[in-house]
Amino acid sequence: MRRARVLYFGGAVLIAIAGYLITARTSLHAQQQRASVQVGANDIGGVVSSSKGPEAGVWVIAETTDLPTRYIKEVVTDDSGRYLIPDLPKAKYNVWARGYGLLDSPKVQCEPGKTVDLKPSVAPDANAAAEYYPGNYWYALLKVPEKSEFPGTASNGISPGVKSQAQWIHLIKTDSCESCHQLGNKYTRTIPQMFSNLDPPQAWLRRVQSGQAGTAMMGGLGQLGPKRATELFGDWTTRIKNGELAAEAPPRPQGVERNIVITQWDWADPKAYLHDEIATDKRNPKLNANGLIYGSPEESRDYLPVLDPVHNTISQVKVPYRDPDTPGQPKPLAASNFWGDEPIWDTHTTVHNPMFDERGRVWYTARIRAAADPEFCKKGSSVPSAQLTPVERSGRQLEMYDPATKKTEMIDTCFGTHHLLFAKDANDTLWTSSGGGGGVVGWLNTKVWDRTHDAQKSQGWTALVLDTNGNGKRDAYVEGEQKVTTAPSGESLGTAEAVNTNADPTKDTRLNAAFYGIGIGPDGMIWGTVLGFPGGLVRLNPGPNPPETALAEYYEVPWNDPRAPVWGFSPRGMDVGGDGIVWVALASGHLASFDRSKCKGPLNGPKATGRQCPEGWTLYQTPGPKFKNVTESGSADSHYYVWVDTFDTLGLGKNVPIITGNSSDSLIALVNGKFVVMRIPYPMGFFAKGMDGRFDDPKAGWKGKGVWTTWGTRTPFHSETGKGTLPKVVHFQLRTDPLAH
């Protein structure tokens with residue numbers, strides 16, 4: 001017995017010694033790691049480790065409110081759990097680690113120049129781990145009606161206008177439900193206490209009515225069929241309430257994803273939201289180096305928010321409107337969980353999209369008057385565009401702000417405006433999209449405007465006319481009804497057939513369409529997306545004397561086409577690279593490219609009405625889970641817009657397309673056929689719309705360039721940080737390795 005006790009005691013001593021040796025080795029390893037992280041006077045660095053050891057591919061976040069506006073910087077740990085947050089302004093920061101499979105480490109307050117080791121805990125269970133997953137991993141739990149249930153009928157509660165499961169999917173994503181905010185984040189996958197006394201479908205019907213966008217959201221339910229849609233959304237939140245979890249975990253950042261440095265600044269105000277920002281001239285990304293960033297608050301405010309990223313300060317530029325009867329914002333349909341009955345949006349101008357010109361002036365789409373157009377836009381006018389295609393109404397026009405003079409000019413346009421883009425031509429022509437409605441594509445000759453300040457002389461517009469008689473020129477055309485349902489601003493709301501008339505072999509054919517997204521090729525051709533199902537691309541050749549010579553080509557997204565290896569549907573944002581390749585975001589969960597040079601058949605004539613070039617399309621399925629019970633294209637992530645990094649302002653290469661991951665808190669780049677996911681870990685809920693890249697100092701390597709974007713969500717208060725959250729400007733940079741200074 002005595003001998004047994006001695007042996008037991010000896011075993012305990014051996015175990016203790018072994019544990020000590022392991023701890024000593026771990027401590028020595030951590031010291032060696034810390035020593036290998038070279039922390040400069042403006043950096044914070046260290047090692048992230050849990051009970052499992054060093055944690056690779058997790059984020060480290062530094063946040064401060066000591067500066068004139070809130071400032072956040074985020075990096076990723078390397079293979080050994082080491083991190084370095086570079087170039088921090090002097091301030092006190094809260095620093096912590098966040099990663100999939102972990103709980104956040106305790107926040108440590110420190111200043112630049114310090115080494116700080118962080119110790120997150122391993123998530124105790126799947127439920128705790130899933131709290132950090134992006135919204136699309138939760139939204140994927142939504143059950144979509146079976147393919148056999150379409151087309152919709154009165155008996156199954158699906159709108160008869162929805163003919164297929166794919167059409168349903170395009171409506172629960174960026175073409176309706178997620179055009180303005182995420183679904184799947186913490187707020188939307190739960191039912192607020194305010195509505196908890198209602199049964200789940202009624203709770204969803206009631207919550208959709210809340211806030212100033214309630215009318216638009218109810219319209220979205222109407223397109224789906226309110227009965228079935230609210231039943232399915234109610235089932236989704238009920239299953240999550242009862243413990244159902246995301247079916248898969250997102251991967252941690254890998255490879256080059258660990259080299260990303262993300263900086264965020266607050267701007268605007270807590271009741272505002274942002275649509276876009278602009279940092280430079282998209283034709284010349286060296287313009288406005290280290291300069292001010294301007295934003296567009298769309299329906300929320302009559303000002304441009306402004307960020308000075310060098311001094312970390314924010315300001316505003318007032319946006320005027322011309323006429324007293326310029327429409328404002330409607331009152332909320334019903335009280336919201338956050339703001340009650342308060343109308344938090346107060347804009348008349350509904351500024352949508354800003355753009356720099358070569359002189360550093362900021363042009364943007366803005367409403368300056370009521371919808372009725374001036375007489376020179378209408379039938380009987382001497383304006384050539386009006387003689388060919390008279391226009392009665394427009395929901396948004398143009399403005400220009402000159403930072404040098406601090407003055408704003410208003411330009412009345414006959415055509416509606418939504419996105420805008422400068423051409424590389426002698427006239428600095430400003431081309432605009434209408435948002436998909438209005439039936440025309442418009443432009444402004446800015447050289448004529450600067451010389452005359454005469455809106456009538458400076459503008460033009462054209463219908464989209466296909467050369468279906470195949471003679472190579474624009475002739476008299478046939479057309480069906482222009483019947484795209486639109487919002488007051490002119491943005492398309494409804495699905496429509498782009499070709500909705502019978503062809504006449506002796507005439508050309510007008511499309512029932514206008515541009516939503518817009519891009520300009522290196523050959524000067526104007527490209528735009530056509531919303532709807534399956535939707536498509538239009539190539540507009542202005543010709544030598546537009547609008548008389550303007551001819552269009554239409555290329556439908558391949559759907560239900562046996563000649564296409566992959567099918568997709570419903571484009572939204574787009575851009576054109578310097579190589580002439582067109583890139584499009586699809587609601588089917590694809591980043592798609594279109595290369596016109598691959599087309600084999602005739603591009604005009606009676607058969608060139610959309611399906612003449614399936615070989616020009618290549619579709620890339622974006623990362624992340626699919627919706628529950630969907631076997632074909634059914635990614636739960638939404639993709640609002642695409643921007644092509646023509647000049648390599650990020651560092652992934654020239655002509656790299658970057659698509660917004662609107663439900664996955666990310667921007668997603670396609671590099672050599674593989675996706676690079678650049679995720680914002682904090683606050684969860686990042687939702688971008690437009691972006692651009694700028695060179696601040698071409699000689700400074702990665703530090704002298706980067707991609708700029710903003711939180712484009714209409715609901716900043718849905719994010720992790722809740723009510724009081726301000727919209728944010730975001731700067732993505734790519735360093736050479738995770739520890740580069």
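Residues numbered from 1 in each chain as written. Predicted model: local features only at pLDDT ≥ 70, side-chain atom pairs only at ≥ 80, totals over all residues. Heavy atoms only, no water.

Peer 1: Quick question: what am I supposed to make of the overall build of the protein chain here?
Peer 2: Counting its regular elements, the protein chain contains ten helices and 42 strands. A compact globule built from 741 residues would reach a C-alpha radius of gyration of about 27 Å, and the protein chain, at 27 Å, matches this within 12%. If you line up the protein chain on its principal axes, its C-alpha atoms span 110 × 60 × 55 Å. Within the protein chain, the fraction of its 741 residues that count as buried is 62%. Look at the contacts in the protein chain between residues 6 or more apart in sequence, and 64% of them connect residues 24 or more apart. (Helix = DSSP H or I, 4+ residues; strand = E, 2+ residues; numbered from the N terminus. Rg over C-alpha atoms; globule rule 2.2 N^0.38 Å. Buried < 20%, exposed > 50% of the residue type's maximum accessible area, 1.4 Å probe, protein only. Contact = heavy atoms within 4.5 Å.)

Peer 1: Help me out: how do you make sense of helix α6 (residues 214-224) in this one?
Peer 2: An α-helical turn contains 3.6 residues, so any two residues separated by three or four positions project in the same direction. Of the positions making up α6, those classed as buried are Gly-214, Gly-220, Leu-221 and Leu-224. With its buried residues spanning 115 degrees around the axis, α6 presents them on a single face. Facing away from the buried side of α6 by more than 90 degrees, the exposed set consists of Thr-215 and Ala-216. Looking at the buried side of α6, the elements it contacts are α4 (165-171), α5 (200-208) and α7 (226-241). The first or second residue beyond α6 is Gly-225, which carries a positive phi of 110 degrees. (Arc of directions from axis to C-beta.)

Peer 1: It is not clear to me how the side chain of Thr-64 should be interpreted in this structure. Could you clarify?
Peer 2: Along the polypeptide, Thr-64 turns up in strand β4 (residues 59-64). Among the polar contacts listed, one links the side chain of Thr-64 to the backbone nitrogen of Asp-66, at a separation of 3.0 Å. For Thr-64, the contacting residues outside a window of four places in its chain are Arg-70, Tyr-71, Ala-91, Lys-92 and Tyr-93. (Polar contact = N/O pair within 3.5 Å; in protein donor to acceptor, adjacent residues only side chain to side chain.)

Peer 1: Help me out: how do you make sense of the pattern of salt bridges in this one?
Peer 2: Where charged atoms of side chains with opposite charge meet at close range, the side chains can pair. Taken as a whole, this structure holds 42 salt bridges when the rule is applied. With its nearest N and O atoms 3.8 Å apart, the salt bridge here joins Arg-611 to Glu-556. Here the residue Arg-611 occupies a position in the loop between β34 (590-594) and β35 (617-621), and Glu-556 occupies one in strand β31 (residues 551-556), the gap between them amounting to 55 residues. Across the pair Asp-648 and Lys-705 runs a salt bridge whose closest N-O atoms are separated by 4.0 Å. Of this pair, Asp-648 sits in the loop between β36 (642-645) and β37 (656-661) while Lys-705 is found in strand β41 (residues 705-710), placing the two residues 57 residues apart along the sequence. Across the pair, Lys-705 and Asp-648 agree in class, each one buried. Look at the salt bridges and you will find they share partners, linking Arg-322, Asp-323, Arg-369, Asp-373 and Asp-412 into a network. (Salt bridge = Lys/Arg side-chain N within 4 Å of Asp/Glu carboxyl O.)

Peer 1: Explanation requested: the sheet that holds strand β42 (residues 728-734) in the structure shown.
Peer 2: Judged by pairing direction, the sheet is antiparallel, and its eight strands sit side by side in the order β9-β7-β4-β5-β12-β42-β41-β40 without closing on themselves. Each edge of the sheet is formed by a strand with only one pairing partner; in this case those strands are β9 (108-110) and β40 (691-695). On average, each strand axis in the sheet is inclined to that of its neighbour by 25 degrees, with strand direction left out of account. Inspection of the sheet shows strand β12 (residues 260-266) paired to β42 by seven bridges, in the antiparallel sense. Bridging from a neighbouring strand, Ile-260 pairs with Leu-734 of β42. (Pairing = 2+ DSSP bridges. Axes fitted to C-alpha atoms, helices over the stretch in contact; angles between N-to-C directions.)

Peer 1: Looking at this model, I keep getting lost on the state of the cysteines. Mind explaining?
Peer 2: Think of a disulfide as a covalent bridge from one cysteine sulfur atom to another cysteine sulfur atom. Using the criterion set out here, one finds two disulfides in the structure. Put simply, Cys-377 and Cys-414 are joined by a disulfide, and their sulfur atoms are 1.9 Å apart. As the torsion about the S-S bond is roughly -75 degrees, the Cys-377-Cys-414 disulfide counts as left-handed. With Cys-377 in the loop between β18 (362-366) and α8 (384-388) and Cys-414 in the loop between β20 (407-411) and β21 (420-422), this residue pair connects regions lying 37 residues apart in the sequence. For Cys-414, a relative accessible area of 0% translates into the label buried. (Disulfide = S-S within 2.5 Å.)

Peer 1: Any chance you could explain the packing of aromatic side chains here in plain terms?
Peer 2: Centre-to-centre distance and the angle between the planes together describe a pair of aromatic rings. Per the counting criterion, the structure on display carries 35 aromatic pairs. Relative to Tyr-133, the ring of Tyr-100 has its centre 6.0 Å away and its plane inclined at 80 degrees; by these criteria the two rings are edge-to-face. Taken together, the positions of Tyr-100 in the loop between β7 (93-98) and β8 (102-103) and Tyr-133 in the loop between α2 (126-130) and α3 (135-139) put the pair 33 residues apart, joining distant regions of the chain. Of the two residues, Tyr-100 and Tyr-133, both sit in the buried class. Every member of this aromatic cluster is reached through a ring pair, and the members are Tyr-139, Trp-204, Phe-233, Trp-236 and Phe-627. The ring of Tyr-640 carries the charged tip of Lys-689 above its face, separated from the ring centre by 4.5 Å. (Phe/Tyr/Trp six-rings, centres within 6.5 Å; stacked < 30°, edge-to-face > 60°. Lys NZ or Arg CZ within 6 Å of the ring centre and 35° of its normal.)

Peer 1: I keep staring at the environment of Leu-420 and nothing clicks. Help me out?
Peer 2: Position of Leu-420 relative to the elements: it lies in strand β21. Look at Leu-420 and you get buried, because its relative accessible area is 2%. Along the chain, Leu-420 and Leu-430 lie ten residues apart, while their C-alpha atoms are 6.7 Å from each other. Filtering out sequence-adjacent residues up to four positions away, Leu-420 remains in contact with Asn-353, Pro-354, Met-355, Trp-363, Tyr-364, Thr-365, Leu-398, Leu-430, Trp-431, Thr-432 and Ile-518.

Peer 1: In this structure, what is going on with unusual backbone geometry? I would like to understand it.
Peer 2: Leaving glycine aside, a negative phi is the common case for residues, and trans is the common case for peptide bonds. Pro-151 follows Phe-150 through a cis peptide bond whose omega is 0 degrees. In this structure, Pro-151 sits in the loop between α3 and α4. Backbone torsion omega between Pro-546 and Pro-547 reads 5 degrees, so that peptide bond is classified as cis. Among the structural elements, Pro-547 can be located in the loop between β30 (536-541) and β31. For Ser-570, which is not glycine, the phi torsion reads 65 degrees and is therefore positive. Looking at where Ser-570 falls in the secondary structure, it is placed in the loop between β31 and β32 (571-576). For Ser-570, a relative accessible area of 1% gives the class buried. Residues other than glycine seldom take positive phi values, yet Asp-665 does so here, at roughly 60 degrees. Mapped onto the fold, Asp-665 is located in the loop between β37 and β38 (666-671).

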